[in-house]
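What follows is the residue order along each chain.
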Amino acid sequence: IGATEDTLTWSEELPTQTKPIEEVPLNPNLKYEIKDDEVTITGCDKKASGTIIIPATIEGKTVTSIGEEALVICTNLKSIIIPDSVTSIGKSAFMHCSNLTSITFGKNSKLTSIGSQAFGDCSNLTIVIIPDSVTNIGFMAFGGCSNLKSINIPDSVTSIGRSAFVICTSLTNITIPNSVTSIEEGAFYNCSSLTSITIGSSVTSIGGSAFIGCSRLSTVTFLGDAPKAGSMVFIFATPTIYRKPEAKGWGDTFAGRPVKLISETP
């Protein structure tokens, strides 16, 4: 994927870390910079392979971010371990890491944002466990992760960015938590294996083309009131919409698709 914001995983979960990684020696492949007593990982030898462990401290300073394009095109990288101290993953940080199969966060991760195209075209990721500190999933953050079969979106997330999961052609079902208020344009564009989705009660808007090309999508369950819908939300998709009887704003159709009560779900 080579899109920009102006245009339109995670594989098998590794065991939860049981001890901090502050004292892990700095991987010789990593580059970094220190500013205001905080460390940003800025680069990596493109020949790096196997597992990279990012330490929580370097030169006595806390590692707080993985910078823009820091590990882009590290095609031999298989897995990475990210410390609790990291709060942000920058734009295209792991883009085109085509053999990346595993990313592990600590159970006390402070990560809040996953940047634009951060894991774009990481085509070997199969399972994503997003830390429950994350609030924002950026533009095309997982775009082109064609083997991504499962994604856990935690209750901390409030927005799902434009084209966040575009062409994730192996996703089969997904649950949007009640914390999310907006699903942006093209968020699940061409997720052709997606069969069902549950949308939490706080979603107030769904962007245009959000589910375009989801040709196997048969069931969309809304837990709240009818949101505002953009254009062509379900083009080339033919789901039935199910909603709660007490929910407000619903008619017989939504974005061109029939609406029924949840009690009528097959």
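Residues numbered from 1 in each chain as written. Predicted model: local features only at pLDDT ≥ 70, side-chain atom pairs only at ≥ 80, totals over all residues. Heavy atoms only, no water.

Student: Whenever I open this one, the overall build of the chain confuses me. Can you help?
Tutor: Secondary structure summary: the chain contains zero helices and 22 strands in total. Its C-alpha atoms give the chain a radius of gyration of 19 Å, within 12% of the compact-globule value 18 Å for 266 residues. If you line up the chain on its principal axes, its C-alpha atoms span 60 × 35 × 30 Å. Among the 266 residues that make up the chain, the fraction classed as buried is 53%. (Helix = DSSP H or I, 4+ residues; strand = E, 2+ residues; numbered from the N terminus. Rg over C-alpha atoms; globule rule 2.2 N^0.38 Å. Buried < 20%, exposed > 50% of the residue type's maximum accessible area, 1.4 Å probe, protein only.)

Student: What should I look at first to understand the nonpolar core in this one?
Tutor: It is characteristic of soluble globular proteins that their nonpolar side chains tend to be buried jointly. With 72 residues, the main nonpolar core has Leu-71, Phe-94, Phe-142, Phe-165 and Phe-211 as its most contacted residues. Within the residue set of this core, elements represented by two or more residues are strand S2 (38–44), strand S5 (61–66), strand S6 (77–82), strand S8 (102–105), strand S14 (173–176), strand S16 (196–199) and strand S18 (219–222). Excluding anything up to four places from it in sequence, Phe-165 contacts Ile-137, Phe-142, Leu-148, Ile-151, Ile-153, Ile-160, Ala-187, Phe-188, Tyr-189 and Cys-191. (Core = buried A, V, L, I, M, F, W, Y, C linked by side-chain atoms within 4.5 Å. Contact = heavy atoms within 4.5 Å.)

Student: Would you mind showing me how to read the pattern of salt bridges here?
Tutor: Opposite charge on two side chains permits pairing when their charged atoms draw close. Following the criterion strictly, the structure yields one salt bridge and no others. Salt-bridge contacts for Lys-61 lead to Asp-37; the nearest nitrogen and oxygen are separated by 3.0 Å. Taken together, the positions of Lys-61 in strand S5 and Asp-37 in the loop between strand S1 (30–35) and S2 put the pair 24 residues apart, joining distant regions of the chain. (Salt bridge = Lys/Arg side-chain N within 4 Å of Asp/Glu carboxyl O.)

Student: Help me understand the pairing of S18, please; the structure alone is not making it clear to me.
Tutor: For a regular strand, the rule is simple: side chains alternate between the two faces of the sheet. Residues of S18 alternate between two faces, with Thr-219 and Thr-221 on one and Val-220 and Phe-222 on the opposite face, all of them buried. Bridge analysis of S16 against S18 gives four bridges, and the strand direction is parallel. Pairing of Ile-199 across the sheet is with Phe-222, part of S18. Looking at chain direction, S18 and strand S20 (residues 240–243) are connected through four bridges and run parallel. In the sheet register, Thr-221 faces S20, and the bridge partner there is Tyr-242. (Pairing = 2+ DSSP bridges.)

Student: How do you make sense of the sheet that holds S8 when you look at a structure like this?
Tutor: What links the strands of a sheet is backbone hydrogen bonding, and the strands pair in either a parallel or an antiparallel sense. Spatially, S3-S6-S8 is the arrangement adopted by the three strands of the open sheet, whose pairing is parallel. Among the strands making up the open sheet, the edge pair consists of strand S3 (50–53) and S8. Direction aside, the axes of adjacent strands within the sheet are offset by 15 degrees on average. Bridge count for S6 against S8 is four bridges, and the pairing is parallel. What sits directly across from Ser-79, in S8, is Ser-102. (Axes fitted to C-alpha atoms, helices over the stretch in contact; angles between N-to-C directions.)

Student: Looking at this model, I keep getting lost on the environment of Tyr-189. Mind explaining?
Tutor: Structurally, Tyr-189 is set in the loop between strand S15 (182–183) and S16. Sequence-wise, Tyr-189 and Cys-214 are 25 residues apart; in three dimensions their C-alpha atoms are separated by 6.9 Å.

Student: Sorry, what's going on with the packing of aromatic side chains here?
Tutor: Two descriptors summarise a pair of aromatic rings, namely the distance from one centre to the other and the angle between the planes of the rings. Under the defined criterion, the tally for this structure stands at nine aromatic pairs. Relative to Phe-119, the ring of Phe-94 has its centre 5.1 Å away and its plane inclined at 5 degrees; by these criteria the two rings are stacked. With Phe-94 in the loop between strand S7 (88–89) and S8 and Phe-119 in the loop between strand S9 (113–114) and strand S10 (127–129), the pair connects residues that are 25 residues apart, well separated along the chain. Summarising the burial analysis for this pair, Phe-94 and Phe-119 share the class buried. Relative to Phe-254, the ring of Phe-222 lies with its centre 5.4 Å away and its plane at 70 degrees, an arrangement referred to as edge-to-face. You can see Phe-222 sitting in strand S18 and its partner Phe-254 sitting in strand S21 (residues 253–254), a full 32 residues away along the chain. Comparing Phe-222 with Phe-254, the two get one shared label, buried. Ring-pair connections join several aromatic residues into one group, and the members of that group are Phe-94, Phe-119, Phe-142, Phe-165, Phe-188, Phe-211 and Phe-234. (Phe/Tyr/Trp six-rings, centres within 6.5 Å; stacked < 30°, edge-to-face > 60°.)

Student: For this particular structure, what's the right way to read a nonpolar patch on the surface?
Tutor: A contiguous nonpolar surface patch, about 320 Å² in accessible area, is contributed by Met-232, Ile-235 and Phe-236. Structurally, Ile-235 can be placed in the loop between strand S19 (228–229) and S20. (Patch = residues over 30% accessible without salt bridge, like charges linked within 9 Å, V, L, I, M, F, W, Y side chains within 5 Å. Areas by Shrake-Rupley, 256 points an atom, 1.4 Å probe, with all protein chains shown as cover.)

Distances and angles like these do not, on their own, reveal function.
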